[in-house]
Amino acid sequence: MEVIRATEEWQRAGAYSVRIQGMNRQHKISLREEFDEHDADGNFHIVLLDDGYPVATCRFYEIGQSTVSLGRVVVIPEYRKRGLGARVISEAESWAKELGYLVVEIDSRIEVKEFYLKMGYIQTGSEVIMSGIFDCIKMKKNL
């Protein structure tokens, strides 16, 4: 497996491919809802490749002087349950830390809360928020 810190458009295309397979096709999320202003230059995407084929991704972007928002964590269905989600998140956290950020926040889907707890995130409130079609809770991690 190869991890790419996507800095060029052709690399971000790998992230988009994973998101189309994992969210657009599987959850019927429209392209307009899946892709937003945080997919532009200046934001950060991690792509995991298996023999050149994009299989997992996540992105992060600045939301404050020392804080980033992590999201769009997607592993294509046939590659799930192999630790790849944790791998792209760990790489994003490392990159964010190298860039000088101190805190990562995420809107976690309720059904994957335990996954983020195991990765060192803490729940920051009890309010359930809607993120697209998903019920989510806010979580954060100090880097």
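This text gives an overview of the structure that appears in the document.

Criteria and thresholds
Along each chain, residue indices are assigned from 1 in the same order as the chain's sequence is written. Only residues with pLDDT of 70 or above have their local features reported here, since the model is predicted, and side-chain atom pairs are shown and tallied only from 80 upward, although totals for entire chains, interfaces and linings are computed over all residues. Neither water nor hydrogens contribute to the side-chain values; these are computed over all heavy atoms in the structure. Only buried residues count toward a nonpolar core. Its members are Ala, Val, Leu, Ile, Met, Phe, Trp, Tyr and Cys residues joined through side-chain atoms within 4.5 Å. Categorising residues by exposure relies on relative accessible area from a 1.4 Å probe, with only protein chains included: less than 20% of the type maximum marks a residue as buried, more than 50% marks it as exposed, and the intermediate range marks it as partly exposed. The contact criterion used throughout is that any non-hydrogen atoms of two residues lie within 4.5 Å. Helix and strand assignments come from DSSP, with helices taken as H or I runs of at least 4 residues and strands as E runs of at least 2, each series counted from the N terminus. To estimate the expected span of a helix, subtract one from its residue number and multiply by 1.5 Å. Throughout, bend refers to the angle between the axes fitted to the seven residues that end at a position and the seven residues that start at it. Aromatic pairs are defined between Phe, Tyr and Trp rings, using the six-membered ring for Trp, whenever the two ring centres lie within 6.5 Å; interplanar angles under 30 degrees are classed as stacked, those over 60 as edge-to-face, and all others as tilted. Geometrically, a charge over a ring is one whose NZ (Lys) or CZ (Arg) sits within 6 Å of the ring centre while staying within 35 degrees of the ring normal.

Comments concerning the nonpolar core
Thought 1: Ranked by internal contacts, the top residues of the largest apolar core, which has 33 residues, are F60, L70, L84 and Y121.
Thought 2: Beyond its immediate chain neighbours, meaning those up to four positions away, L70 contacts C58, R59, F60, I89, A92, V104, E105, I106 and Y121.
Thought 3: With six residues, the next largest nonpolar core counts I4, A6, V47 and L49 among its residues.

A look at helix α1 (residues 9-27)
Since one α-helical turn is 3.6 residues long, residues separated by three or four positions face the same way.
Thought 1: The end-to-end C-alpha distance of α1 is 25 Å, a good match for the 27 Å that 19 residues give at a rise of 1.5 Å each.
Thought 2: Along α1, the sharpest kink reaches roughly 35°, centred on I20.
Thought 3: Turning to α1, its buried residues number three or more, namely Q11, R12, G14, A15, Y16, V18, R19, Q21, G22 and M23.
Thought 4: Where α1 ends, the next residue or the one after it, K28, has phi of about 60°, a positive value.

A look at the packing of aromatic side chains
Thought 1: According to the stated counting rule, one finds five aromatic pairs in the structure shown.
Thought 2: With a centroid separation of 5.0 Å and 75° between ring planes, the pair formed by F44 and W95 is classed as edge-to-face. Within this pair, whereas F44 is found in strand β2 (residues 44-50), its partner W95 is found in helix α3 (residues 84-98), the two being separated by 51 residues in sequence. For the pair shown, F44 and W95 are each scored as buried.
Thought 3: Ring geometry for F115 versus Y116: centroids 4.9 Å apart, planes at 80°, classification edge-to-face.
Thought 4: Here F115 falls in the partly exposed class, since its relative accessible area comes to 31%.
Thought 5: An aromatic cluster is present here, built from F44, F60 and W95 joined pairwise through their rings.
Thought 6: Residue placement shows R82 over the ring face of Y79; its charged tip is 4.6 Å from the ring centre.

Fair warning: the whole summary comes from geometry, so function is off the table for now.
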